[in-house]
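If you want the building blocks of each chain, they are given just below.
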Amino acid sequence: MSLHLIKTDNASIVNKVALRKRAVESLDKLRVLDLYAGNNILWSYFDKEKYYGVEIQKGKGKNITADCKKLIDSLDLSAFNIIDCDSYGVPFDVIYKLFNNKTLKDGTIIIYTA
């Protein structure tokens, strides 16, 4: 018997947005670092004070074009109260780098989907 995993592209944007709304309902101002920003769809439903999208694919959305795995170590994460890691796979290595970045503040909401 073999197991086949199927990856889907934002199969349920409605559910993903609803989860984010619930996660940030206690925050007055949203300062978002979106590490797998794609076309910037998920956070387009929110009023934000600050939004930085990072995407490895050039020309996709209004983003910084970079590999977030290489970028995280040099970022000042204290500027953000939300970090979104909605990757196409399992971004364990990115989460590891986030938690080892000394500028990550207590209370920062990290949204991790896999």
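Residues numbered from 1 in each chain as written. Predicted model: local features only at pLDDT ≥ 70, side-chain atom pairs only at ≥ 80, totals over all residues. Heavy atoms only, no water.

Draft legend 1. Looking closely at the sheet that holds strand β1 (residues 31-34). One open sheet holds the five strands; their spatial order is β3-β2-β1-β4-β5, and the pairing between them is parallel. Looking at which strands have only one partner, the edges of the open sheet turn out to be β3 (64-65) and β5 (109-113). The pairing of β1 with strand β4 (residues 82-86) spans three bridges and is parallel. When the sheet's bridge partners are listed, Leu-33 is paired in β4 with Ile-83. Running at roughly 160° to β5, helix α1 (residues 13-24) makes contact with β4 and β5 of the sheet. (Pairing = 2+ DSSP bridges. Helix = DSSP H or I, 4+ residues; strand = E, 2+ residues; numbered from the N terminus. Contact = heavy atoms within 4.5 Å. Axes fitted to C-alpha atoms, helices over the stretch in contact; angles between N-to-C directions.)

Draft legend 2. Fine view of the environment of Asp-76. For Asp-76, the position within the fold is in the loop between α2 (68-71) and β4. Under the relative-accessibility criterion, Asp-76 is labelled partly exposed at 44%. Taking the C-alpha atoms as reference points, Asp-76 and Lys-105, separated by 29 residues in sequence, lie 9.9 Å from one another. Within polar-contact distance, the side chain of Asp-76 engages the side chain of Ser-78 at 2.5 Å. (Buried < 20%, exposed > 50% of the residue type's maximum accessible area, 1.4 Å probe, protein only. Polar contact = N/O pair within 3.5 Å; in protein donor to acceptor, adjacent residues only side chain to side chain.)

Draft legend 3. Layout of a nonpolar patch on the surface. Together, Val-90, Phe-92, Tyr-96 and Tyr-112 line one region of the surface with nonpolar side chains, adding up to about 480 Å² of accessible area. Position of Val-90 among the secondary structure elements: in the loop between β4 and α3 (92-100). (Patch = residues over 30% accessible without salt bridge, like charges linked within 9 Å, V, L, I, M, F, W, Y side chains within 5 Å. Areas by Shrake-Rupley, 256 points an atom, 1.4 Å probe, with all protein chains shown as cover. Salt bridge = Lys/Arg side-chain N within 4 Å of Asp/Glu carboxyl O.)

Draft legend 4. Highlighting the nonpolar core. Among the nonpolar cores identified, the biggest contains 15 residues, and Leu-33, Leu-35, Val-54, Ile-83, Cys-85, Val-94 and Leu-98 are the most heavily contacted of them. Taken together, the elements giving at least two residues each to this core come down to α2, β4 and α3. When residues in this core are grouped by element, the largest group, three residues, is from α3. If you look at the next biggest cluster of nonpolar residues, it comprises ten residues, including Val-17, Val-24, Phe-46 and Ile-109. (Core = buried A, V, L, I, M, F, W, Y, C linked by side-chain atoms within 4.5 Å.)

Draft legend 5. Seen up close, the side chain of Asn-40. Within the secondary structure, Asn-40 is located in the loop between β1 and β2 (50-55). Looking at Asn-40, its side chain comes within polar contact range of the side chain of Asn-63, at 2.6 Å. In contact with Asn-40, not counting residues within four places along its chain, are Tyr-51, Gly-61, Lys-62 and Asn-63.

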